[in-house]
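The primary structure of each chain is shown beneath.
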Number of protein chains: 4
Amino acid sequence: MSKIPVAILGATGTVGQKFIVLLQNHPHFEIRELVASPRSAGKPYAEAASWKQDIPVPEDIAGKIVKSLDETLESTILFSGLDSSVAGEAETRFAEAGHFVISNSKNHRMDKDVPLVIPEINPDHFEIIRKQPYKGAIITNSNCSTMFIAMALAPLHKAFGVEAVQATTMQAISGAGYPGVPSIDILGNVVPFIGGEEDKVETEPQKILGTLAGDHIDHAPFPVSAQCTRVPVFDGHTETLSIKLGKKASVDEVKEVLRNFRGMPQEKKLHSAPEFPILVTEQEDRPQPARDIWLQGGMSTVVGRVRECPVLDIKMTILGHNTVRGAAGAAILNAEAMVALGYIS
Amino acid sequence: MSKIPVAILGATGTVGQKFIVLLQNHPHFEIRELVASPRSAGKPYAEAASWKQDIPVPEDIAGKIVKSLDETLESTILFSGLDSSVAGEAETRFAEAGHFVISNSKNHRMDKDVPLVIPEINPDHFEIIRKQPYKGAIITNSNCSTMFIAMALAPLHKAFGVEAVQATTMQAISGAGYPGVPSIDILGNVVPFIGGEEDKVETEPQKILGTLAGDHIDHAPFPVSAQCTRVPVFDGHTETLSIKLGKKASVDEVKEVLRNFRGMPQEKKLHSAPEFPILVTEQEDRPQPARDIWLQGGMSTVVGRVRECPVLDIKMTILGHNTVRGAAGAAILNAEAMVALGYIS
Amino acid sequence: MSKIPVAILGATGTVGQKFIVLLQNHPHFEIRELVASPRSAGKPYAEAASWKQDIPVPEDIAGKIVKSLDETLESTILFSGLDSSVAGEAETRFAEAGHFVISNSKNHRMDKDVPLVIPEINPDHFEIIRKQPYKGAIITNSNCSTMFIAMALAPLHKAFGVEAVQATTMQAISGAGYPGVPSIDILGNVVPFIGGEEDKVETEPQKILGTLAGDHIDHAPFPVSAQCTRVPVFDGHTETLSIKLGKKASVDEVKEVLRNFRGMPQEKKLHSAPEFPILVTEQEDRPQPARDIWLQGGMSTVVGRVRECPVLDIKMTILGHNTVRGAAGAAILNAEAMVALGYIS
Amino acid sequence: MSKIPVAILGATGTVGQKFIVLLQNHPHFEIRELVASPRSAGKPYAEAASWKQDIPVPEDIAGKIVKSLDETLESTILFSGLDSSVAGEAETRFAEAGHFVISNSKNHRMDKDVPLVIPEINPDHFEIIRKQPYKGAIITNSNCSTMFIAMALAPLHKAFGVEAVQATTMQAISGAGYPGVPSIDILGNVVPFIGGEEDKVETEPQKILGTLAGDHIDHAPFPVSAQCTRVPVFDGHTETLSIKLGKKASVDEVKEVLRNFRGMPQEKKLHSAPEFPILVTEQEDRPQPARDIWLQGGMSTVVGRVRECPVLDIKMTILGHNTVRGAAGAAILNAEAMVALGYIS
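Residues numbered from 1 in each chain as written. Chains lettered and ligands numbered in written order. Predicted model: local features only at pLDDT ≥ 70, side-chain atom pairs only at ≥ 80, totals over all residues. Heavy atoms only, no water.

For chain A, the name recorded in an unreviewed UniProt entry is aspartate-semialdehyde dehydrogenase, with Salinispira pacifica as its organism. On record in UniProt, under Function (unreviewed entry), the comment for chain A is "Catalyzes the NADPH-dependent formation of L-aspartate-semialdehyde (L-ASA) by the reductive dephosphorylation of L-aspartyl-4-phosphate." Quoted straight from UniProt, the Sequence similarities (unreviewed entry) entry for chain A says "Belongs to the aspartate-semialdehyde dehydrogenase family." (UniProt positions renumbered as here; feature names shortened; annotations may be inferred.)

Q: Would you explain the overall build of chain A in this entry?
A: Helix and strand counts for chain A stand at 11 helices and 14 strands. Against the 2.2 N^0.38 benchmark of 20 Å for 345 residues, chain A shows a C-alpha radius of gyration of 19 Å, consistent with a compact globule. Taken along the three principal axes of its C-alpha coordinates, chain A extends 60 × 50 × 35 Å. The buried share of chain A, reckoned over its 345 residues, is 66%. If you average the places of the 33 positive and of the 41 negative side-chain charges in chain A, the two averages end up 2 Å apart. (Helix = DSSP H or I, 4+ residues; strand = E, 2+ residues; numbered from the N terminus. Rg over C-alpha atoms; globule rule 2.2 N^0.38 Å. Buried < 20%, exposed > 50% of the residue type's maximum accessible area, 1.4 Å probe, protein only. Lys, Arg positive; Asp, Glu negative; His and termini not counted. Charge placed at Lys NZ, Arg CZ, Asp CG, Glu CD.)

Q: Is there a simple way to explain the relation of the copies chain B and chain C in this structure?
A: The two chain copies are connected by a rotation around an axis plus a translation along it. Here chain B sits on chain C after a turn of 180 degrees about the axis and a move of 0.0 Å along it, with an RMSD of 0.0 Å. When the rotation and shift are considered jointly, the pair of chain copies conforms to a two-fold rotation axis. In terms of proximity to the rotation axis, the leading residue of chain B is G188(B), whose C-alpha is 3.5 Å off the axis. Of the interface residues in chain B, 100% have counterparts in chain C that sit at the interface too, so the contact is made through matching surfaces. (Least-squares fit on C-alpha atoms with pLDDT ≥ 70 in both. Contact = heavy atoms within 4.5 Å.)

Q: When you look at the domain arrangement of chain A in this model, what are you seeing that I'm missing?
A: Accessible area lost on assembly of the parts is the figure often given for the size of an interface. All names here are of chain A. The assigned domain composition of chain A is domain 1 (4-143 + 328-340) and domain 2 (144-322). The C-alpha centroid of domain 2 is placed 24 Å from the C-alpha centroid of domain 1. The interface is formed by 33 residues belonging to domain 1 together with 41 residues belonging to domain 2. Buried surface at the junction of domain 1 and domain 2, summed over both partners, amounts to about 3000 Å²; 68% is from carbon and sulfur atoms. On inspection of domain 1 and its partner domain 2, the count reaches two salt bridges. The salt bridge involving D215 is made with K112; its shortest N-O contact spans 3.4 Å. Listing elements by their share of the side of domain 1 that touches domain 2, those giving two or more residues are α1 (14-22) and α11 (324-340). (Domains from an automatic or database assignment. Buried area = accessible area lost by both parts, 1.4 Å probe. Salt bridge = Lys/Arg side-chain N within 4 Å of Asp/Glu carboxyl O.)

Q: How do you make sense of the UniProt feature "domain: Semialdehyde dehydrogenase NAD-binding" (unreviewed entry) in chain A when you look at a structure like this?
A: In the numbering adopted here, UniProt assigns the feature "domain: Semialdehyde dehydrogenase NAD-binding" (unreviewed entry) to residues 5-129 of chain A. Along residues 5-129 of chain A one finds 24% helix and 18% strand; the C-alpha atoms at either end are 21 Å apart.

Q: Explanation requested: the pairing of strand β13 (residues 301-308) of chain C in the structure shown.
A: Note on strand geometry: in a regular strand, side chains alternate between the two faces of the sheet. Residue and element names in this part refer to chain C. Along β13, seven of the eight residues are buried, which leaves the element largely enclosed by surrounding structure. As paired strands, strand β12 (residues 278-280) and β13 are joined by three bridges and run parallel to one another. Across the sheet, V280 pairs through a bridge with V303, a residue of β13. When β13 meets strand β14 (residues 314-320), the two strands line up antiparallel, connected through five bridges. Across the sheet, residue V303 finds its bridge partner in β14, namely I318. Counted along the chain from β13 to the antiparallel partner β14, the turn is five residues long. (Pairing = 2+ DSSP bridges.)

Q: Just checking my understanding: could you explain α11(A) for this structure?
A: Residues lying three or four places apart along an α-helix face the same way, a consequence of the helix completing one turn every 3.6 residues. Residues and elements named next belong to chain A. Here α11 contains 17 residues, and its C-alpha end-to-end distance of 21 Å is more than 12% below the 24 Å for a straight helix at 1.5 Å per residue. The principal kink in α11, of about 50 degrees, is found at A330. Along α11, 15 of the 17 residues are buried, which leaves the element largely enclosed by surrounding structure. Phi turns positive one or two residues past the end of α11, at G342, with a value near 85 degrees. (Expected span 1.5 Å × (residues − 1). Bend = angle between axes of the 7 residues up to and from the residue.)

Q: Help me understand the interface of chain B and chain C, please; the structure alone is not making it clear to me.
A: Across the contact, seven residues belong to chain B and seven residues belong to chain C. It is K52(B), D54(B) and R291(B) that lose the most area in chain B upon contact with chain C, and together they represent 54% of the buried surface on that side. Seen at the junction of chain B and chain C, the total is zero salt bridges. Joining chain B to chain C, the criterion identifies zero residue pairs in polar contact (both at pLDDT 80 or more). Residue composition of the side of chain B that touches chain C, grouped by class: three nonpolar, one polar and three charged. (Polar contact = N/O pair within 3.5 Å; in protein donor to acceptor, adjacent residues only side chain to side chain. Nonpolar A, V, L, I, M, F, W, Y, C, P; charged D, E, K, R; others polar.)

Q: Is there a simple way to think about unusual backbone geometry in this case?
A: Apart from glycine, the bulk of residues carry a negative phi angle, and the bulk of peptide bonds sit in the trans form. Going from Y178(D) to P179(D), the amide bond is cis rather than trans, its omega being 5 degrees. Topologically, P179(D) is positioned in the loop between β7 (162-171) and α6 (183-186). Note the cis peptide between R286(D) and P287(D), where omega equals 5 degrees. Mapped onto the secondary structure, P287(D) falls in the loop between β12 (278-280) and α10 (289-292). Phi is positive for N25(B), close to 55 degrees, though the residue is something other than glycine. Among the structural elements, N25(B) can be located in the loop between α1 (14-22) and β2 (29-36). Taking relative accessible area as the criterion, N25(B) reaches 73% and is therefore assigned exposed.

Q: Which parts of the structure should I look at to understand the pattern of salt bridges?
A: Side-chain pairing between opposite charges can occur once the charged atoms of the two side chains come close. A complete count under the given rule lists 68 salt bridges over all chains for this structure. The partner of E202(A) in a salt bridge is K315(B), and the shortest N-O contact between them spans 2.7 Å. With E202(A) in helix α7 (residues 197-208) and K315(B) in strand β14 (residues 314-320), the pair connects residues from two separate chains. Of the two residues, E202(A) and K315(B), neither departs from the other in class, the shared state being buried. One salt-bridge network, held together by shared partners, links E30(A), R32(A) and E74(A).

Q: Looking at this structure, I do not really get the packing of aromatic side chains. What am I missing?
A: Two measures describe an aromatic ring pair: the distance that separates the ring centres and the angle between the ring planes. Residue and element names in this part refer to chain A. All told, the structure shown has 16 aromatic pairs over all chains when counted by the stated rule. Taken together, a centroid distance of 5.9 Å and an interplanar angle of 70 degrees make the contact between F29 and F79 edge-to-face. You can see F29 sitting in strand β2 (residues 29-36) and its partner F79 sitting in strand β4 (residues 77-80), a full 50 residues away along the chain. Given a relative accessible area of 0%, F79 falls into the buried group. Here the aromatic rings of Y45 and W51 are separated by 6.1 Å at their centres, their planes lie at 80 degrees, and the arrangement is edge-to-face. (Phe/Tyr/Trp six-rings, centres within 6.5 Å; stacked < 30°, edge-to-face > 60°.)

Q: Would you explain the sheet that holds strand β3 (residues 67-68) of chain A in this entry?
A: What holds strands together in a sheet is hydrogen bonding between their backbones, with the strands either parallel or antiparallel. Residue and element names in this part refer to chain A. Spatially, β3-β2-β1-β4-β5-β6 is the arrangement adopted by the six strands of the open sheet, whose pairing is parallel. Two strands in the sheet have a free side with no partner beyond their single neighbour: β3 and β6 (137-140). Contacting β1 (4-9), β2 and β4, α1 crosses the sheet at an angle of about 155 degrees to β1. Contacting β1, β2, β4, β5 (100-103) and β6, α11 crosses the sheet at an angle of about 145 degrees to β5. (Axes fitted to C-alpha atoms, helices over the stretch in contact; angles between N-to-C directions.)

Q: Can you walk me through the interface of chain B and chain A in this structure?
A: Taken together, the 46 residues of chain B in the interface contact 46 residues of chain A. Regarding the contact of chain B and chain A, the summed buried area is about 3500 Å², with carbon and sulfur atoms giving 55% of it. Notably, a salt bridge pairs E198(A) with R307(B), separated by 3.0 Å at the nearest N-O pair. For the interface between chain B and chain A, the tally reads 28 residue pairs in polar contact (both at pLDDT 80 or more). Of all the secondary-structure elements, those providing two or more residues to the side of chain B that touches chain A are β7 (162-171), α6 (183-186), α7 (197-208), β10 (224-230), β11 (237-245), α10 (289-292), β13 (301-308) and β14 of chain B. Here the side of chain B that touches chain A is built from residues that sort into 24 nonpolar, 12 polar and 10 charged.

Q: How should the UniProt feature "active site" (unreviewed entry) in chain A be read in this particular structure?
A: All names here are of chain A. If you check UniProt for "active site" (unreviewed entry), the listed places come out as C144 and H237 in our numbering. In sequence the annotated residues extend across 94 residues, while in space they remain close, none of their C-alpha pairs exceeding 8.1 Å. Inspection of the secondary structure puts C144 in helix α5 (residues 144-159). With residues up to four places along the chain from it excluded, the contact list for C144 reads E197, H237, N322 and G326. Topologically, H237 is positioned in strand β11 (residues 237-245). Side-chain polar atoms of H237 contact the side chain of Q171, separated by 3.4 Å.

Q: Even after reading the chapter, I still don't get the side chain of S142(C), so can you show me in this structure?
A: Residue and element names in this part refer to chain C. Mapped onto the fold, S142 is located in the loop between β6 (137-140) and α5 (144-159). Using a relative accessible area of 0% as the deciding quantity, one classes S142 as buried. Only 3.3 Å separates the side chain of S142 from the backbone nitrogen of M147, close enough to count as a polar contact. Those residues in contact with S142, other than ones at most four positions away along the chain, are N104, R109, L116, I118, M147, E204, I208 and G326.

Encoded structure:
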């Protein structure tokens, strides 16, 4: 089988760079086009990008000439790490032109006919793209902080019902892109505010855990309360959760349900799927971003300190790699799932 | 009036050092004795202590010979920053010998006849020392993380009633003493566990906000759920709170009540009292430990981001200086309050 | 004596903010005008500036309306923290208009008729302003990294002669202004390059230690080799030095000469002058930026680890507060010296 | 060929852990025994070690029972990461018992009959083990800071002669082991002192670049002056160098010589050998520890900013992974070289 040609929109940015790293040696996708703003267009990629990854720019990428967002593209799949200031309009245009736009940007996530998918949880939501008016389609993944919350909630919601969620996030600087957070603001500091973040965390999980109902998704009805902070950590979002369940469950039952969680990426052994979507640790001082984000290639959600909550029912600490499972890796897994399910060929 | 002689127990430790810094030029107290473990005893202080403060060792302190914990002391007040491994027994012994032991250690905090006091909140609890079997007395202040939570809750409890509290703390490394947290464990990392801390945060506020009932304190009945983490911040504990109130209140009413909070330290203008025990900021990205811990000499609790909580009622971010208001400064204010109220002369 | 009215050029920037902090309650100077780019002009200062100091914006400053660089100013002294992209032209224009421009910017430092002064070292160089074609004058202080090197070299050059200098700097992020260094570039990292910095460190000390020769300065002839790096430190530049001396000197002689160094700011007891321009520490692991930058109000150069160098003659570690003694404080001390010497009245 | 059984001495420490990580799937060596202090002996490894690596403890290692240093061992090669307080005596004892002790500890490095080898530079020095009185032998690698200096000097010494070296190091915290540097001492700080380090950097390069002369090594005669500092970086030592050459060379000639450097590990394609022992970067702000330490598996020395030095001849910034090429990886490469050269079979 020949590889499917893909383009990366926003290729010079932080998420774009991670797409490039994660797509190296991918068995099904081949980076055909790199697309960025007019400022970068026309330059070789290595010159246009301020590369911040811990491997060098791959050789076959370094010399590739960056295309401009307003050019016509030839790739089947467009992975979008576009800035939200331009993503909305551009992604629509490319979907109209017949591309599958697999987007990490927030703009279309809450559109009624756009699926917001984590393939372990709601791959049936892909089906809603048939309601889109485009020749192609737009598919989105969640915000990086939402990702790990949705992963932890999904099996609990199915087993016990989730009735309310309290979350405090301690988010890594890489989530803010480049140049992103000035060092003067974060070195030895905590910033208790990230613009727009709490709103996403408070609304996206309900769509992901919602039910496909013909031409729309019925959102799950539980409230989420989020307090989002930035901490001086390079990669990895750490989050504390307290959860009210519909049906009482012991700590051991909760851990059992989390540990046994599997989805279609595991069943179909998708290339980027972690063997275990959720890892439950018994070490009392884990998970930690500096130690645990690369478990299973950065694609797993690590859960620790599961215990009773005196106010709601269960509390825990969760962690995930914000630019892998929480961004570029999530989009790639969506694309793999769509190929496996026959939406893309 | 001549100054009251005071001793510092655990004088070489992190809290002991902060006692020394804060008692410089104190109008009522004079450091007479420095007390530490046998390993330090007999040495000049400057040699015995691994000094980590940002002013040099005060000249009159540097040459003072450190006494051993088992020596007889002559000071009226003993400020204790002793390690909990020795504080329990030593503090009891000194109280029996007639000293007022004003302790920052956890050992006696939950003793039935020992007051756990924040003088803005419960100065009437000092009265319970009359039930103690000692010639002197033991008085305690709260854990550093509890302090700012209790401060924020006190006016709300009085005005609206507090029915439940969810707290996540992001605590500074200075709270762990010296050598404390190894740099390998915390640089660019979050550690989601601090031994014993959550239990303190979940039980101390109820005693502080409790009611004196003859020979004991009736603890306030609301549950607190705490998730305590360590972050790479030097000084200053940042905490997210969600609070369920007994009576509905708007965000503006909550801010008004917090802003208007005053107690006996403000009325009596105690030397170490902040003019405003609680500062409410309207800046959306504050409070921040690197910017706000020194407001009012490190003695205030800074509250920001007061907003509605979709799960409980009100949420906010709070901050305070953990080794000043959260430790040594709290004990000194307790001593000042006891002098002003006539317990010590 | 009524206070001399002063303006701050570049008032919203990092150095401008430090000028405001350091001029609070100054006995001779009074901030009359705040001047910034057209983008800030017309706004109250508190709104125009992204304030990053650890005290709040002073009340009398917060509401002051920011003036534009192209307005006519009324202050006698203009402290300039202007960005180098605009400082050159603007400072010249203000000097022509009759103001004393005391500048921290690099643009005019190496001009033949502009003094580059550290008043402990070369206050006689002020005299060269009489050769300037302006109604007013331009006076500069050194680059922040140069400052501490020049301070350490000055007494050694006088006592023994300096023949060569090797320097490696480890510079704080505050030196890069705001937003300055992205956190992604410096958290847990060292950046071995700071644009333009090495050139300044390699040429400014020779002018400062040079000799006034009529209408110009004869630069001191020794070579300096600099390697400048950025480290994740908030404030305080740490620098390693190796020095070749003209006349052999023992470690003790070198320390003695450093300790005894005094200049006209000390003799005339200028308001911002440190009692000891150089502090020599005997602690083997000092100086350290997190511990020692605030000695003497941030105005001293701290020298430690003075020892023999197997390649040149003497090596040592030096430290200073880069935005106080290395920038705003240096300019203020220059202004105080010029008032004391009768240049400004 | 069956694999050679190896033991790790000091297996629970930081260097010991890195040995375990680097020996996973090694083609020639197989970890047979894990050896540590009596406190750890008798326990399964996973329980005895405070594991700090970014992969989990390998499964075949986790359950292995740790042996005590005073037990008889059966492995042919003993990789030693022992603390210097015990390494001296223990390594001698094991060499007497017939083992090849490949040590990263400092104790025997300067012994007359012990080779201090970097196989790219002086593999002929292995020969001196024939002068050792042991049934087995002791072989050492350099200090972690020395490693990268010696690598950069070796080709220059051969091509042009090295006459003097000035070095300032900015060393990572991982070099201090665990618990190592307290976070209170290094967060946002620089510590300009590392006990014993400067002496090693000033004496080891001359032995490595020395000449085998029958029963001893004639040390190279140039002086090295070192200033060693600790910075808040996790892994990777950054070092500035200034070098005086015997014969003038242009910057381009120096870069050419560095780039072309190869040794016997490259010729014999040893398993752990980097393809290029030295990488020369032309990016003006590189090398950086957070970006470049993993080039070539952490086994290369990265050189940047090669330029003329106004005091000596050439200056540059160098970088390497201190616990890989600078410690465990160096010892493993030494063992591979000895196998390839027939010393061990």
